[in-house]
Amino acid sequence: MEKITSFTIDHLRLLPGVYVSRKDQAGDAVITTFDLRMTRPNYEPVMNTAEMHTIEHLGATFLRNHPEYGAKTIYFGPMGCRTGFYLLLAGDYASQDIVPLMREMFTFIRDFEGEVPGACAKDCGNYLDMNLGMAKYLADRYLRDVLDHIGPERLVYPE
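Residues numbered from 1 in each chain as written. Predicted model: local features only at pLDDT ≥ 70, side-chain atom pairs only at ≥ 80, totals over all residues. Heavy atoms only, no water.

*Asks:* Break down the overall build of the protein chain for me, with residues and values.
*Replies:* Each helix and strand in the protein chain was counted, giving three helices and four strands. When the helices and strands of the protein chain are placed in sequence order, the string is β-β-α-β-β-α-α. Overall, the C-alpha framework of the protein chain stretches about 40 × 40 × 35 Å when taken along its three principal axes. Here the protein chain holds 159 residues, and the buried ones make up 44% of them. Sequence-distant contacts, at least 24 apart, represent 68% of the contacts inside the protein chain between residues at least 6 apart. (Helix = DSSP H or I, 4+ residues; strand = E, 2+ residues; numbered from the N terminus. Buried < 20%, exposed > 50% of the residue type's maximum accessible area, 1.4 Å probe, protein only. Contact = heavy atoms within 4.5 Å.)

*Asks:* Let's hear about the pairing of strand 1 (residues 17-26): which residues, and what values?
*Replies:* Side-chain direction in a regular strand flips from residue to residue, so the side chains alternate between the two faces of the sheet. In this structure, strand 1 lies alongside strand 2 (residues 29-37), joined through nine bridges in antiparallel fashion. Counterpart to Gly17 in the pairing with strand 2 is Arg37. (Pairing = 2+ DSSP bridges.)

*Asks:* I'd like to hear about unusual backbone geometry, residue by residue, with values.
*Replies:* Here the phi dihedral of Asn42 falls at roughly 65°; this positive angle occurs in a residue that is not glycine. Tracing the backbone shows Asn42 in the loop between strand 2 and helix 1 (49-64). In this structure Asn42 comes out as exposed when scored by relative accessible area, which is 64%. Backbone geometry at Arg82 places phi at a positive 65°, although glycine is not the residue there. On the secondary structure map, Arg82 appears in the loop between strand 3 (73-78) and strand 4 (84-90). In this structure Arg82 comes out as partly exposed when scored by relative accessible area, which is 28%.

*Asks:* Can you lay out the packing of aromatic side chains for me, pointing to particular residues and giving the numbers?
*Replies:* Across all of its chains, the model carries seven aromatic pairs by this definition. Plain terms: the ring middles of Phe62 and Phe108 are 5.4 Å apart, the flat faces sit at 35° to each other, and that makes the pair tilted. Note that Phe62 is positioned in helix 1 and Phe108 in helix 2 (residues 95-111), a separation of 46 residues in sequence. Judged by relative accessible area, Phe62 falls into the buried class, the value being 13%. Joined through ring pairs, the aromatic side chains of Phe34, Tyr69 and Tyr93 make up one cluster. Above the plane of the ring of Tyr69 lies Lys72, whose end atom (NZ or CZ) is 5.4 Å from the centre. (Phe/Tyr/Trp six-rings, centres within 6.5 Å; stacked < 30°, edge-to-face > 60°. Lys NZ or Arg CZ within 6 Å of the ring centre and 35° of its normal.)

*Asks:* Outline the nonpolar core, listing residues and values.
*Replies:* Formed by 35 residues in total, the largest nonpolar core has its most connected members in Val18, Leu36, Ile55, Leu87, Met102 and Phe106. Sorting the residues of this core by element identifies strand 2, helix 1, strand 4, helix 2 and helix 3 (132-145) as the ones contributing at least two each. The element that contributes the greatest number of residues to this core is helix 2, accounting for seven residues. When near neighbours in sequence (up to four residues on either side) are disregarded, Val18 contacts Phe34, Asp35, Leu36, Ser95, Ile98, Tyr142, Leu147, Ile150, Arg154 and Leu155. (Core = buried A, V, L, I, M, F, W, Y, C linked by side-chain atoms within 4.5 Å.)

If you want it as structure tokens, here you go:
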């Protein structure tokens, strides 16, 4: 069996960043999958599920309500390895195309106050596994350490 594309990336050289993971054709449309890598794989501790779950709820809510990208958002959710998130958008995009959107989204998460959308038993299958404080901390760190001064080494997968 062939390795899937994401298992062919050298995770020992991968830095936190915004990467195009793949592009798929769905009829006449292109679906771009982004790798939003928040921690350095195999070097830093992974994120805990509670803060990842909170980022997922806030990020998905932000994206689906975004005036430009709401209708283009196919999926936003965590990576199984807990080092980042996948974002699937309808359209043919490059990494740098969505950096402003990611700044907006992670600023929204960092600055969010109040009840996390969908964080109740009626709306979520694991609503107690949330940590808004850590989600805000991780969003701030991603903004400061990655998005605020992103360079080419954090936009294209290492060779």
